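# Results of the structural survey
Spelled out, the chains give:
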Amino acid sequence: MRAPINLAAAPGSREAWDRGFLWVLAWALVEPLLVRNALQLSSRARVGVLRMFGANIGEGVIARPGLRVRFPWKLEVGDRSWLGEDVWLHNQDRLVIGSDVVISQGSFITTGTHAFRTDMALRTRPIHIHDGVWITSRAVILGGLTIGQNALVLPNTVVRRDVPANAIFGAQDGAVVGQRFPDSSDETQDR
Amino acid sequence: MRAPINLAAAPGSREAWDRGFLWVLAWALVEPLLVRNALQLSSRARVGVLRMFGANIGEGVIARPGLRVRFPWKLEVGDRSWLGEDVWLHNQDRLVIGSDVVISQGSFITTGTHAFRTDMALRTRPIHIHDGVWITSRAVILGGLTIGQNALVLPNTVVRRDVPANAIFGAQDGAVVGQRFPDSSDETQDR
Amino acid sequence: MRAPINLAAAPGSREAWDRGFLWVLAWALVEPLLVRNALQLSSRARVGVLRMFGANIGEGVIARPGLRVRFPWKLEVGDRSWLGEDVWLHNQDRLVIGSDVVISQGSFITTGTHAFRTDMALRTRPIHIHDGVWITSRAVILGGLTIGQNALVLPNTVVRRDVPANAIFGAQDGAVVGQRFPDSSDETQDR
């Protein structure tokens, strides 16, 4: 059995910051207080704070409570897009979201992975979500991918490859896999 | 390529409120403080607050910290049911939960969708969860569906169709899809 | 139709505590304030609090904000492991995590289930996660399982059986399942 990769020697994630320590520390405190905070109800204030920390956000964007953004200075959003409750933009790399895009409750968009066969170094790749896309609730979008114009990602789907424009993309549907009380149908026959 | 749907013209969600602005605003503040709040440990207080805002909840219901409810005035729960930690009832429409129902950690029940081929208008449909159902952790239940008596929904399953009574409903199991270190088995043979 | 199981008579979960009421109550308050809290940025303090409540944690472990631990007195972690943001260790039973293990954002590890065909009693079974494992984001690991050395669990995967050492374990990939605007290709041909 191969020995595990020593995580103490894994190349750190600090080079992904692209900002100084105090700036990143300030963001680590401001984000939970003014962006993620469920009691902060103002979308306008949320967008304003993101812009102050470097996000390039268009007009008419609606950002709901619970939104999380890793590095606003690597975030670009077009016009009129909606960022829903508990959407988690874990953008250690550049994340470009177009106009008229909807990202629904609890979806997780992450640009990062680790070099899992060598040294577990952080690897990041940008993500492009084109105009008119709807990423529904609890989807996961991985680094390096492009979601084409008007595409729709179904709930709880992991996206591991590019999604073509206009496509509806989802995982296999659930199904009945068994019976809870095997004797139940008998009982209904009153035997 | 078809132009994206203009979200600024999408019919708003306010008609789903069925209550005035100040009532909905009050709920938006009370819910994080007294229902969702992890430090609010009292199930009795949680149920009491939900009832004050219009929920119809039976006797002996246990509601855990982290519970989220969109509109308590559209929520009905029978007797002795358990609403677990971080359960998210996003009920913009009527949600009827029976008696002796368990909903486990992090499940998301949402009555809403959008008219994704026309104008992205909010569309809501009620959900009925019958007596004795167990929705396990991190499941997603979509609008318009009925979960039949005593049914069981497995973890992380998206439910997109009605579930019959007594059924165990789940998605396909995971499986081994590759090897992390391709040379690893060689090493264990000490070649 | 069989009558639902009466939840008021379901054997309670208190026997899983293995500690007195005041100890568990103290933990229920300390955990959200000093471990889960997004504004508590210190990994060292997080690990220190877990140890104070009985966790056996090695050297060089990094524990991120949002981490949740049910019972630290049933948690064992080796050296240099990383516990990511919003990782939820719902360990009502013993959870053993080895060295150089990564558990990424939002994964949920739960030792518990219910006797769903008899009385819905809480049933817990320990979980063993061996050295060098990477559980990526939003996975779910169920009670009684062993994740073998160096195994890798893909995002959003539910693990319902033991995972062999060195395996990459995942669910079926998503796919294009339809077209959003059926007439879209026509339009691009300008007919």
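Figured I'd write up the structure that's included with this text. Just so you know, these numbers come straight off a predicted model, no measurement behind them. (Residues numbered from 1 in each chain as written. Chains lettered and ligands numbered in written order. Predicted model: local features only at pLDDT ≥ 70, side-chain atom pairs only at ≥ 80, totals over all residues. Heavy atoms only, no water.)

Interface size, as often reported, equals the accessible area lost upon joining of the parts. With 42 residues of chain B at the interface, the matching set in chain C holds 57 residues. Between chain B and chain C, a total of about 4,100 Å² is buried, with carbon and sulfur atoms accounting for 58% of that surface. The largest share of the area that chain B buries against chain C comes from B:Arg2, B:Arg138 and B:Arg180, three residues that together contribute 16% of it. Connecting chain B to chain C are 4 salt bridges. B:Glu85 is paired through a salt bridge with C:Arg68; the nearest N and O atoms lie 3.1 Å apart. Remark: the boundary between chain B and chain C carries 22 residue pairs in polar contact (both at pLDDT 80 or more). Considering every element that reaches the side of chain B that touches chain C, the biggest residue donor is strand β19 (residues 175-179) of chain B, with 5 residues. In the side of chain B that touches chain C, the residues fall into 20 nonpolar, 12 polar and 10 charged. Here 4 bridges tie β19(B) to strand β18 (residues 167-170) of chain C, and the two strands are oriented antiparallel to one another. (Contact = heavy atoms within 4.5 Å. Buried area = accessible area lost by both parts, 1.4 Å probe. Salt bridge = Lys/Arg side-chain N within 4 Å of Asp/Glu carboxyl O. Polar contact = N/O pair within 3.5 Å; in protein donor to acceptor, adjacent residues only side chain to side chain. Helix = DSSP H or I, 4+ residues; strand = E, 2+ residues; numbered from the N terminus. Nonpolar A, V, L, I, M, F, W, Y, C, P; charged D, E, K, R; others polar. Pairing = 2+ DSSP bridges.)

Facing the 57 residues of chain A at the interface are 42 residues of chain C. Counting each side, the surface lost to burial between chain A and chain C is near 4,100 Å², with a carbon and sulfur contribution of 58%. Area buried by chain A at its contact with chain C is led by A:Leu7, A:Asn166 and A:Arg180, which between them contribute 15% of it. At the boundary of chain A with chain C, the tally comes to 4 salt bridges. The partner of A:Arg68 in a salt bridge is C:Asp86, with the nearest N and O atoms 2.6 Å apart. Where chain A touches chain C, the interface holds 22 residue pairs in polar contact (both at pLDDT 80 or more). Secondary-structure elements contributing two or more residues to the side of chain A that touches chain C are α1 (21-36), β6 (88-90), β10 (112-114), β18 (167-170) and α3 (184-188) of chain A. No other element matches the 6 residues that α1(A) contributes to the side of chain A that touches chain C. When the residues that make up the side of chain A that touches chain C are grouped by side-chain class, the tally is 32 nonpolar, 15 polar and 10 charged.

Turning to the relation of the copies chain A and chain C, a few remarks are in order. Superposing chain A onto chain C takes a rotation of 120 degrees combined with a translation of 0.0 Å along the rotation axis, leaving an RMSD of 0.0 Å. As the rotation angle and translation indicate, the two copies are arranged about a three-fold axis. (Least-squares fit on C-alpha atoms with pLDDT ≥ 70 in both.)

Residue and element names in this part refer to chain B. As summarised here, the arrangement of the 5 strands in space is β1-β4-β7-β12-β15, forming an open sheet in which the pairing is parallel. The outermost strands of the open sheet, each flanked by one partner alone, are β1 (56-57) and β15 (146-147). The sheet contact formed by strand β7 (residues 95-97) and strand β12 (residues 127-129) spans 3 bridges and is parallel. Looking at the pairing, isoleucine 97 lines up with isoleucine 129 of β12.

Here we come to the packing of aromatic side chains. Considering all chains together, one arrives at 21 aromatic pairs over all chains under this definition. Clustering of aromatic rings is evident, with ring pairs tying together A:Trp23, A:Trp27, A:Phe53, A:Phe71 and A:Trp73. One cation-aromatic arrangement involves A:Arg2 over B:Phe181; the distance from NZ or CZ to the ring centre is 4.1 Å. (Phe/Tyr/Trp six-rings, centres within 6.5 Å; stacked < 30°, edge-to-face > 60°. Lys NZ or Arg CZ within 6 Å of the ring centre and 35° of its normal.)

This part covers the side chain of A:Lys74. All names here are of chain A. With respect to the helices and strands, the residue lysine 74 is situated in the loop between β3 (68-69) and β4 (75-77). At 2.5 Å, the side chain of lysine 74 and the backbone oxygen of alanine 16 are in polar contact. Polar side-chain contacts of lysine 74 include one of 3.2 Å to the side chain of aspartate 18. Sequence-distant contacts of lysine 74, defined by excluding residues within four places in its chain, comprise Ala16, Trp17, Asp18, Asn91, Gln92, Asp93, Arg94 and Leu95.

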